[in-house]
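Observations on the three-dimensional arrangement
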Amino acid sequence: MRPDLDLLAGWRAGDTAAGDELVSRYWTSISRFFRSKVGDDGADLISQTFLALLESAGPVENLKAYLFTVARRRLADHFRAQSRTVDLSVSSVIDLAAGPATELSRRRKTDLLRDGLQRIPVDDQIALELAYVEGLSTKEIAGVLEINENTVRSRLARARERLRDLVGELPKEFADL
């Protein structure tokens, strides 16, 4: 078993120190995931994600990918609870009228990128974030989005193109998007 999965097994068996260690390892990533979509309203969603991890009984092969799968489902539930019809593969955060995604960065390139990400469909945003921020593989992203790997590759290409169209000339640092 890998160390994260050992910690998960320990946490499920009642070892709170193992749970604290797991939450500490992944808090920033899961927090960033929600903050970019629902702003500061994501605290409950973060907690729900880790609680679902603890309460799930099934086997987990890749903890990070599993956490993002749960987080995506919690996000969809959050939007549905607000009496909205939600299709994360089509709707953007702005379409779903979420609050501010996060306190905007002082740097212009971050402002441009964030604005562009909020204007593309949420699943496209999630795919880009998982690939470029969290470093997940195509296979792992496919698991999170519950689609096949070829669809992930085409979704990433489409999302990069949409993002380029929305933000115009991105700073040189984003040329590889």
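This text goes with the structure placed above it.
As the structure is a computational prediction, the values presented were derived from the model and not from experiment. (Residues numbered from 1 in each chain as written. Predicted model: local features only at pLDDT ≥ 70, side-chain atom pairs only at ≥ 80, totals over all residues. Heavy atoms only, no water.)

**With respect to helix α2 (residues 16–38)**
Along an α-helix, residues three or four apart share an orientation, since each turn contains 3.6 residues. The condition that has to hold: Secondary structure is summarised from DSSP: a helix means a run of H or I of at least four residues, a strand means a run of E of at least two, and numbering begins at the N terminus for each. Any helix carries an expected span of 1.5 Å times its number of residues minus one. In this analysis the local bend is the angle between axes fitted, respectively, to the seven residues ending at and the seven residues starting at the residue. Exposed residues in this analysis have more than 50% of their type's maximum accessible area, buried residues have under 20%, and partly exposed residues fall in between, with area computed by a 1.4 Å probe over protein chains only. Throughout this description, a polar contact denotes any pair of N or O atoms lying within 3.5 Å of each other; where both atoms belong to protein, one of them has to be capable of donating a hydrogen while the other can accept it, and for residues adjacent in sequence the pair is counted only when both atoms sit in side chains.
Between the first and last C-alpha of α2 there are merely 29 Å, a value that for 23 residues lags more than 12% behind the 33 Å anticipated at 1.5 Å per step. Taken as a whole, α2 carries its principal kink of about 50° at Tyr 26. All of the buried residues along α2 are Ala 18, Gly 19, Leu 22, Tyr 26, Ser 29, Ile 30, Ser 31, Phe 33, Phe 34, Ser 36, Lys 37 and Val 38. The backbone nitrogen of Ala 17 lies 3.0 Å from a side-chain oxygen of the residue at the head of α2, namely Asp 15. Count one or two residues on from α2 and you reach Gly 39, which has phi positive near 60°.

**A short note on the packing of helix α6 (residues 122–132) against helix α8 (residues 149–167)**
Under the convention used in this document: Helix axes are fitted to C-alpha atoms over the stretch in contact, other axes to C-alpha atoms as well, and angles between N-to-C directions run from 0 to 180 degrees. In these notes the angle categories are as follows: under 35 degrees is roughly parallel, over 145 is roughly antiparallel, 65 to 115 is roughly perpendicular, and the rest is oblique. Working rule for contacts: check all heavy atoms of both residues, and any pair within 4.5 Å makes them a contact. Nonpolar residues are Ala, Val, Leu, Ile, Met, Phe, Trp, Tyr, Cys and Pro. Charged residues are Asp, Glu, Lys and Arg, and all others, Gly as well, are polar.
Between α6 and α8, the least distance of the axes is 9 Å, while the angle of their chain directions is 100°. What the angle tells us is that α6 and α8 run roughly perpendicular. Residue-level contacts link Asp 123, Asp 124, Ala 127, Leu 128, Ala 131 and Tyr 132 of α6 to Arg 155, Leu 156, Arg 158, Ala 159, Arg 160, Arg 162 and Leu 163 of α8. Within the contact of α6 with α8, the residues separate by chemical class into seven nonpolar, no polar and six charged.

**Observations concerning the side chain of Thr 49**
By the secondary structure assignment, Thr 49 is in helix α3 (residues 43–55). Exposure remark for Thr 49: the relative accessible area of 0% places this residue in the buried category. Discounting residues that sit within four places of it in the chain, Thr 49 has contacts with Ile 30, Phe 34, Leu 67, Val 70, Ala 71 and Arg 74.

**Things to note about helix α7 (residues 138–145)**
Filter applied, for reference: Throughout, the arc means that of the directions going from the helix axis to the C-beta atoms.
Among the residues of α7, Ile 141, Ala 142, Val 144 and Leu 145 are the ones counted as buried. Projected down its long axis, α7 shows its buried positions confined to an angular sector of 165°, all on one face. Tucked into the core, α7 has its buried residues touching α4 (63–81), α6 and α8. Positive backbone phi, approximately 60°, marks Glu 146, located one or two places after α7.

**Description of the pattern of salt bridges**
We apply this condition: We define a salt bridge as a contact between a side-chain nitrogen of Lys or Arg and a carboxyl oxygen of Asp or Glu at a distance within 4 Å.
The final tally for this structure, using the stated rule, is 16 salt bridges. Among the ionic pairs, Arg 74 bridges to Asp 77, the shortest N-O distance being 3.6 Å. Of the two residues, Arg 74 and Asp 77 are both situated in helix α4; the distance of three residues between them amounts to about one turn of the helix. Residue classification places Arg 74 among the partly exposed positions, given a relative accessible area of 23%. In this structure, Asp 124 and Arg 155 form a salt bridge, with 3.5 Å as the shortest nitrogen-oxygen distance. Of this pair, Asp 124 sits in helix α6 while Arg 155 sits in helix α8, and the two are 31 residues apart along the sequence. In this pair, the class of Asp 124 matches that of Arg 155, namely buried. Each of the salt bridges in this network shares a partner with another, and the network as a whole consists of Arg 72, Arg 73, Asp 123, Asp 124, Glu 146, Arg 155, Arg 158 and Arg 162.

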